[in-house]
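Listed here are the chains, written in short residue letters.
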Amino acid sequence: MKKKILLLTTGGTIASVPGGQGLEPHRSQVMERELEQLRTYYDIAVRDVMCLDSSNIRPQEWQLIAGSIFDNREGYDGIVVSHGTDTMAYTASAVTFMLPDIDLPVVFTGSQLPLADMLSDGPDNLRTAFAMAASGYPGVFLAFDRKVMLGCRAVKVRASGFSAFESVNARYAAQVSNRGLVVDSTVLPRRTGEARLCPKLSENVFLLKLTPGLNPAVFDMLAAMGYKGIVIEAFGLGGVNVLHKGLRGIRRAVEDGISVVVTTQCLYDSANLEIYQVGAKLLELGVIQGRDMTSEAAMTKLMWALGQGLEPEGIAELFARNLAGEITP
Ligand code: ASP
């Protein structure tokens, strides 16, 4: 029997055609020719959730996507979500946290060249995504260039190259080889309960890339603007300028009840505030270690944690826990 797969479309290059001012996303008709071929292998249903360039996707749209996955999953073996590549890592991370213990495979994919182009990478990406969606392994994944990664580990690393996504600080969940789709079961998230939809998010989270000599008043400004969470992409292992009043702003932010998470602006490896004195000073202030999370995962986990109504202590406790593979315990 063919596996039943639901395709939720949201727009992006994969569904784009040339318009007056460049590529514009269109609804699922653009994908029909490709889906016809995939119907040989799968029983496919399609729902258009939205039709946007992913640069225009906001937290409201993440909620709509998470809700569409949760509400429509009954009767399907897996779900594929087609999405623009530009913000797909954010959406896949956010949806991971909004759907704890999801009970079927949910696989995001897109393409760098529209399906309408004969040389598009879309057919390949869709095939990998459908194979993962039919694999029976629950979780939120992103499939691209014959690789499948956890949604909360994906980062877009190339603006135009076909190998656009990498699984940062985690092995791939699956790869296509001459043996077909080979799944690495050690990477898969573990379910601990019933699938839930927890869509509430706070939008009051700011991602700040530290630069040498940054004016610490920026933290006062963020507090005044009502931000409740700040993710700092610090230097290297988590270094922050602690001289020249550098810590003043962070101290005040923490005292004001803002949750401050420190990650690294290096793409690979982990921030570790326990190694240098500059890091230890941050820990004394009560900042939270982002460890080896991607900035996308740290940002969306903090938005989600605040959305659940957690206080700073609860948020610190949540960040010490691995929820879906986003940190290496
Ligand atoms: N701008 C497009 C988007 O993110 C890029 C893509 O899909 O590759 O919607």
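Attention in this report is confined to the structure presented alongside it. (Residues numbered from 1 in each chain as written. Predicted model: local features only at pLDDT ≥ 70, side-chain atom pairs only at ≥ 80, totals over all residues. Heavy atoms only, no water.)

### Section: the pattern of salt bridges
Consideration 1: Overall, the coordinates contain 13 salt bridges when judged by the stated rule.
Consideration 2: Between Arg 39 and Glu 36 there is a salt bridge, with the nearest N and O atoms lying 3.1 Å from each other.
Consideration 3: On the basis of relative accessible area, Arg 39 is assigned to the partly exposed category, the value being 23%.
Consideration 4: Between Arg 146 and Asp 124 there is a salt bridge, with its nearest N and O atoms 2.8 Å apart. Here Asp 124 lies in helix H4 (residues 122-133) and Arg 146 lies in the loop between strand E7 (139-144) and strand E8 (147-150), a separation of 22 residues in the sequence.
Consideration 5: Among the residues examined, Asp 124 registers a relative accessible area of 28% and is labelled partly exposed.
Consideration 6: A single network of salt bridges, built from pairs that share partners, joins Glu 32, Glu 36 and Arg 39. (Salt bridge = Lys/Arg side-chain N within 4 Å of Asp/Glu carboxyl O. Buried < 20%, exposed > 50% of the residue type's maximum accessible area, 1.4 Å probe, protein only. Helix = DSSP H or I, 4+ residues; strand = E, 2+ residues; numbered from the N terminus.)

### Focus on the site of the ligand
Consideration 1: Taken together, Gly 12, Thr 13, Asp 53, Ser 54, Gly 84, Thr 85, Asp 86, Ser 111 and Gln 112 make up the full set of residues near the ligand.
Consideration 2: Thr 85 is positioned such that a nitrogen or oxygen atom in its side chain is 2.5 Å from an oxygen atom of the ligand.
Consideration 3: At a separation of 2.8 Å, a nitrogen atom of the ligand approaches a polar side-chain atom of Asp 86.
Consideration 4: Across the complex, the protein chains shield 90% of the 270 Å² of accessible surface that the ligand would expose by itself.
Consideration 5: Taken together, the residues of the shell around the ligand sort by class into no nonpolar, 7 polar and 2 charged. (Near = heavy atom within 4 Å. Polar contact = N/O pair within 3.5 Å; in protein donor to acceptor, adjacent residues only side chain to side chain. Areas by Shrake-Rupley, 256 points an atom, 1.4 Å probe, with all protein chains shown as cover. Nonpolar A, V, L, I, M, F, W, Y, C, P; charged D, E, K, R; others polar.)

### Focus on the packing of helix H2 (residues 59-72) against helix H3 (residues 88-98)
Consideration 1: Interaxial distance between H2 and H3 falls to 10 Å at its minimum, and their mutual angle equals 55°. Compared by their axis directions, H2 and H3 come out oblique. Taken as a pair, H2 and H3 cross one another with a handedness that is right-handed. Contacts between H2 and H3 involve Trp 62, Gln 63, Ile 65, Ala 66 and Ile 69 from the first element and Tyr 90, Thr 91, Ala 94, Val 95 and Met 98 from the second. (Axes fitted to C-alpha atoms, helices over the stretch in contact; angles between N-to-C directions. Parallel < 35°, antiparallel > 145°, perpendicular 65-115°, else oblique. Left-handed = near helix turned anticlockwise from the far one by under 90°. Contact = heavy atoms within 4.5 Å.)

### A few points about helix H6 (residues 248-255)
Consideration 1: Of all the residues in H6, the buried ones are Gly 249, Ile 250, Ala 253 and Val 254. Buried residues along H6 cover an arc of 130° about the axis, so they all sit on one side.
Consideration 2: Gly 257 lies just past H6 and shows a positive phi near 90°. (Arc of directions from axis to C-beta.)

### Examining the layout of surface pockets
Consideration 1: In this structure, the largest pocket spans a volume of roughly 720 Å³.
Consideration 2: Taken together, 33 residues line the largest pocket, and the ones lying closest to its centre are Pro 189, Asn 322, Leu 323, Ala 324 and Gly 325.
Consideration 3: Secondary structure elements with two or more residues in the lining of the largest pocket: H3 and E7.
Consideration 4: By residue class, the composition of the lining of the largest pocket is 18 nonpolar, 8 polar and 7 charged.
Consideration 5: Its boundaries defined by the atoms lining it, the second largest pocket holds a volume of some 240 Å³.
Consideration 6: Around the second largest pocket sit 18 residues that line it, and Glu 233, Cys 266, Leu 267, Ser 295 and Glu 296 are the ones nearest its centre.
Consideration 7: The set of elements that each furnish at least two residues to the lining of the second largest pocket consists of strand E9 (154-156) and helix H8 (295-307).
Consideration 8: Of the residues that constitute the lining of the second largest pocket, the class distribution is 8 nonpolar, 5 polar and 5 charged. (1 Å grid on protein atoms, 1.4 Å probe; cavity = no way out; pocket = protein on both sides within 12 Å on 5 of 7 lines; lining within 4 Å. Points joined across faces, edges and corners; volume = space filled by probe spheres on them.)

### A look at the side chain of Glu 296
Consideration 1: Within the secondary structure, Glu 296 sits in helix H8.
Consideration 2: Arg 153 provides the closest opposite charge to the buried, unpaired Glu 296, separated from it by 10 Å.
Consideration 3: Contact partners of Glu 296, with chain neighbours within four places excluded, come to Ala 89, Tyr 90, Ser 93 and Val 155. (Lys, Arg positive; Asp, Glu negative; His and termini not counted.)

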